[in-house]
Amino acid sequence: MITQTEIQQTYSRFQNELQTLAGKIGELEQEAEEHTLVLATLDEALEKEPDRKCFRLIGGVLVERTVKEVVPALRTNRDGIRKVITTLTDQIKAKEQEFENFKREYNIRVVQRA
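Reference entry: report on the structure contained in this document. Fair warning: this is a prediction, and the values are worked out from it, not measured in the lab.

## A few points about the pattern of salt bridges
Under the counting rule described, the total for this entry stands at nine salt bridges. The structure contains a network of salt bridges with shared partners spanning Arg 13, Glu 17, Lys 95 and Glu 98.

## Some remarks on helix α2 (residues 67-105)
The first and last C-alpha atoms of α2 sit 56 Å apart over 39 residues, in line with the 57 Å expected at 1.5 Å per residue. Positioned one or two residues after α2, Asn 107 has a phi angle of 50°, which is positive.

## Details of the pairing of strand β1 (residues 53-58)
Looking at chain direction, β1 and strand β2 (residues 61-66) are connected through six bridges and run antiparallel. Considered in β2, the bridge of Phe 55 is made with Glu 64. Following β1, the chain reverses through two residues before pairing antiparallel with β2; Gly 59 in that reversal takes a positive phi of roughly 60°.

## Comments concerning the packing of helix α1 (residues 4-48) against α2
Orientation of α1 relative to α2, taken along the N-to-C sense of each, is 160°, at an axis distance of 8 Å. One element, α1, and the other, α2, form an angle in the roughly antiparallel class. Relative to α2, α1 is oriented so that their crossing is left-handed. Considered class by class, the residues forming the contact of α1 with α2 number 25 nonpolar, seven polar and 13 charged.

## A short note on the side chain of Thr 66
Mapped onto the secondary structure, Thr 66 falls in strand β2. Among residues more than four places away in sequence, those in contact with Thr 66 are Pro 50, Asp 51, Arg 52 and Cys 54.

## Concerning the environment of Ile 7
Summarising the element assignment, Ile 7 is placed in helix α1. Judged by relative accessible area, Ile 7 falls into the buried class, the value being 12%. C-alpha separation for the pair Ile 7 and Glu 105, spaced 98 residues apart in sequence, amounts to 11 Å. Residues contacting Ile 7, with those up to four places away along its chain left out, are Ile 2, Phe 102, Tyr 106 and Ile 108.

## Concerning a nonpolar patch on the surface
A cluster of nonpolar side chains, Phe 55, Leu 57 and Leu 62, forms an exposed patch at the surface whose accessible area comes to about 370 Å². Within the secondary structure, Leu 57 sits in strand β1. Take Leu 57: its relative accessible area is 60%, and that puts it in the exposed class.

## Quick look at the nonpolar core
Ranked by size, the top nonpolar core spans 14 residues in total, and within it Ile 85, Phe 99 and Phe 102 carry the most contacts. Secondary structure elements with two or more residues in this core: α1 and α2. Broken down by element, the residue count for this core peaks at eight residues, all from α1. Setting aside anything within four residues of it in sequence, one finds Phe 102 in contact with Ile 7, Thr 10, Tyr 11, Phe 14 and Ile 108. Listed in part, the eight residues of the second largest apolar core include Cys 54, Val 70, Val 71 and Leu 74.

What counts, and at which threshold
- Residues numbered from 1 in each chain as written.
- Predicted model: local features only at pLDDT ≥ 70, side-chain atom pairs only at ≥ 80, totals over all residues.
- Heavy atoms only, no water.
- Salt bridge = Lys/Arg side-chain N within 4 Å of Asp/Glu carboxyl O.
- Helix = DSSP H or I, 4+ residues; strand = E, 2+ residues; numbered from the N terminus.
- Expected span 1.5 Å × (residues − 1).
- Pairing = 2+ DSSP bridges.
- Axes fitted to C-alpha atoms, helices over the stretch in contact; angles between N-to-C directions.
- Parallel < 35°, antiparallel > 145°, perpendicular 65-115°, else oblique.
- Left-handed = near helix turned anticlockwise from the far one by under 90°.
- Nonpolar A, V, L, I, M, F, W, Y, C, P; charged D, E, K, R; others polar.
- Contact = heavy atoms within 4.5 Å.
- Buried < 20%, exposed > 50% of the residue type's maximum accessible area, 1.4 Å probe, protein only.
- Patch = residues over 30% accessible without salt bridge, like charges linked within 9 Å, V, L, I, M, F, W, Y side chains within 5 Å.
- Areas by Shrake-Rupley, 256 points an atom, 1.4 Å probe, with all protein chains shown as cover.
- Core = buried A, V, L, I, M, F, W, Y, C linked by side-chain atoms within 4.5 Å.

The following block contains the structure:
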């Protein structure tokens, strides 16, 4: 049997972990959306001028590339970000279920304060 303090600490830990996961998912969704917007612009250039210069920030260094070099890398990055979002979404669902089981096991009910 765990103490009241341990129950409170575990409850807070669950809340913090869920909040952290949700925040990370939000950040990654924003990043994926930015990639999509850039790709929408570069796709036009890819059709008309595939050898057009463009610049890409890699590890804090701005490098010159062509549109036809950058677009595939951006697509790969965006797809990778989407996969991570899917993985994190699965993790948050599992963590929420674990949290619900914990609350049920220790008969925890959230009281709303006015």
